[in-house]
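Fold and contact review
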Amino acid sequence: MSEVGPRIIVALDYADAAPALDLATRLDPAHCRVKVGKQLFTRAGPDIVERLQARGFTVFLDLKFHDIPNTVAGACRAAAELGVWMVNVHASGGRRMMEAAREAVAAVAEPPLLIAVTVLTSLAREDLREIGVVAEAQELVARLATLAHACGLDGVVCSPKELRALAAALPPAFLRVTPGVRPAGADADDQARVATPADAIADGAHYLVVGRPITAAADPAAALRAIETQLAGARGASA
Ligand code: C5P
């Protein structure tokens, strides 16, 4: 794995291709990566990924695959052949599913980074109980992240509140990709727990997923620059 290049991943949470491509024209691929999720992909398909790549962007295909090993392996191979930079699966699919995913992406010349979702942050304790999970969410996050590492995955998606524990428990190069990031003073939108970009990096995030603070800004490029400036200032201060 390599963590060179832009650390900010802009979430293109749009209903169709036009606004996603419009935003892309306003951003510089030297300064950010982009994330294509289920809604945009279901509407616009691989074509949107290819068009973003043609404009120089590296793409995190955020489809969170979760199925039997053979099916997830096939989906991951298709993502790898599409040339995406990063793809993800649910760690709760288990060891054989993650190992099959890892082997599938390794079959292409330049494999994407393969990361795992541990426990959806939308699940509260009572939701976990209802589906028969008796462990506390934090304990389950640690268990699933450790399993993802053991299966040879490159990292996990995790919330700002999980960063420190995962950084302490797993090797430094095991990637932590963190949503729920808000520049100082910005609206939290519907995110319950937010961290500033500088705090998330200081707590051990390798990459930051940022949506509305950039996509809903009057000047998205300026909003991206402002986050980069906050990161540079924080790193300079701690250097
Ligand atoms: O607009 P905002 O910055 O909140 O977007 C964050 C992105 O990260 C969205 O695409 C959202 O689906 C994703 N995400 C999240 N929280 C998680 C996992 C993913 O906000 N726990």
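Coordinates for the structure precede this section.
In what follows, the accompanying structure is described. (Residues numbered from 1 in each chain as written. Predicted model: local features only at pLDDT ≥ 70, side-chain atom pairs only at ≥ 80, totals over all residues. Heavy atoms only, no water.)

**Concerning the overall build of the protein**
The following threshold applies: Secondary structure follows DSSP: runs of H or I at least 4 residues long count as helices, runs of E at least 2 residues long count as strands, and numbering of each begins at the N terminus. C-alpha atoms define the radius of gyration in this analysis, and the globule rule sets the expected value at 2.2 Å times the number of residues to the power 0.38. Throughout, exposure labels follow a simple rule: accessible area from a 1.4 Å probe, protein chains only, divided by the maximum for the residue type, with under 20% read as buried, over 50% as exposed, and the rest as partly exposed. Contacts are residue-level and defined by heavy atoms, with any inter-residue pair within 4.5 Å sufficient. Only four residue types enter the tally: Lys and Arg on the positive side, Asp and Glu on the negative side; His and the chain ends are excluded. A single reference atom marks each charge: NZ on Lys, CZ on Arg, CG on Asp, CD on Glu.
When helices and strands are counted, the protein shows 10 helices and eight strands. For 239 residues, the compact-globule formula gives about 18 Å, and the C-alpha radius of gyration of the protein, at 17 Å, lands near that figure. Taken over the C-alpha atoms alone, the protein extends approximately 45 × 35 × 35 Å along its principal axes. Evaluated residue by residue, the protein yields a buried proportion of 47% over its 239 residues. Restricting to contacts in the protein with at least 6 residues of sequence separation, those with at least 24 account for 69%. The averaged location of the 27 negative side-chain charges in the protein is 2 Å from the averaged location of its 24 positive side-chain charges.

**Overview of the packing of helix α3 (residues 69-81) against helix α4 (residues 95-106)**
Worth spelling out the cut-off: Axes, fitted as lines to C-alpha atoms, cover a helix only where it is in contact. Angles between the N-to-C directions of the axes lie from 0 to 180 degrees. Note that the term roughly parallel is reserved for angles under 35 degrees, roughly antiparallel for angles over 145, roughly perpendicular for angles of 65 to 115, and oblique for everything else. Left-handed describes a crossing in which the near helix is turned anticlockwise from the far one by less than a right angle; the clockwise case is right-handed. Residue type decides the class: Asp, Glu, Lys and Arg count as charged, Ala, Val, Leu, Ile, Met, Phe, Trp, Tyr, Cys and Pro as nonpolar, and the leftover types, Gly among them, as polar.
Contact geometry for α3 and α4: axes closest at 8 Å, N-to-C directions at 30°. Between α3 and α4, the crossing angle belongs to the class labelled roughly parallel. Both α3 and α4 take part in a crossing whose hand is right-handed. In this structure, α3 contributes P69, V72, A73, C76, R77 and A80 to the contact, and α4 contributes R96, M97, A100, A101, A104 and V105. Along the lines of polarity and charge, the residues of the contact of α3 with α4 split into 10 nonpolar, no polar and two charged.

**A short note on the pattern of salt bridges**
Threshold: The term salt bridge refers to a side-chain nitrogen of Lys or Arg lying within 4 Å of a carboxyl oxygen of Asp or Glu.
Enumeration according to the criterion identifies 12 salt bridges in this entry. Its salt-bridge partner being K64, residue D62 comes within 3.0 Å of it at the nearest N-O pair. The salt bridge partner of R164 is D203, with a shortest N-O separation of 2.9 Å. Pair noted here: R164 is in helix α7 (residues 163-169) and D203 is in the loop between α8 (197-202) and β8 (207-210), with a separation of 39 residues, a long-range link. Residue classification places R164 among the exposed positions, given a relative accessible area of 59%. Via salt bridges that share partners, R182, D189, D190 and R212 belong to a single interconnected network.

**Let's talk about the sheet that holds strand β4 (residues 86-90)**
The condition is simple: What makes two strands pair is DSSP finding at least two bridges between them.
Pairing is parallel around the closed barrel formed by eight strands, whose spatial order is β1-β2-β3-β4-β5-β6-β7-β8. When the angles between neighbouring strand axes are averaged without regard to direction, this sheet yields 25°. With five bridges joining them, β4 and strand β5 (residues 113-117) adopt parallel strand pairing. Within β5, the residue paired with M86 across the bridge is L113. Running over the sheet, α3 touches β3 (59-65), β4 and β5 and is turned about 170° from β3.

**What to know about the nonpolar core**
Applied cut-off: Residue types Ala, Val, Leu, Ile, Met, Phe, Trp, Tyr and Cys, when buried and joined through side-chain atoms within 4.5 Å, form a set referred to as a nonpolar core.
L12, I48, L52, C76, V89, M98 and I214 are the most contacted members of the largest nonpolar core, which has 72 residues in total. Beyond its immediate sequence surroundings of up to four residues, I48 is in contact with A17, A20, L21, V36 and L40. Core analysis: the next-biggest nonpolar cluster, separate from the first, contains 13 residues, W85, L113, V157 and V177 among them.

**A word on a nonpolar patch on the surface**
What counts here: Patch members must show over 30% relative accessible area and no salt bridge, and they are joined within 9 Å when carrying like charges or within 5 Å when they are nonpolar side chains of Val, Leu, Ile, Met, Phe, Trp or Tyr. Note that accessible areas follow from Shrake-Rupley with a 1.4 Å probe, and for residues the cover is restricted to the protein chains shown.
On the surface, L120, L123 and I131 cluster together into a nonpolar patch covering about 250 Å² of accessible area. Position of L123 among the secondary structure elements: in the loop between β5 and α5 (125-130). Judged by its relative accessible area of 30%, L123 falls in the partly exposed class.

**With respect to the environment of G155**
Here G155 is to be found in strand β6 (residues 155-157). On the basis of relative accessible area, G155 is assigned to the buried category, the value being 0%. Between the C-alpha atom of G155 and that of L175, which follows or precedes it by 20 residues, the distance is 4.0 Å. Setting aside chain neighbours within four positions, we find G155 in contact with L114, I115, A116, F174 and L175.

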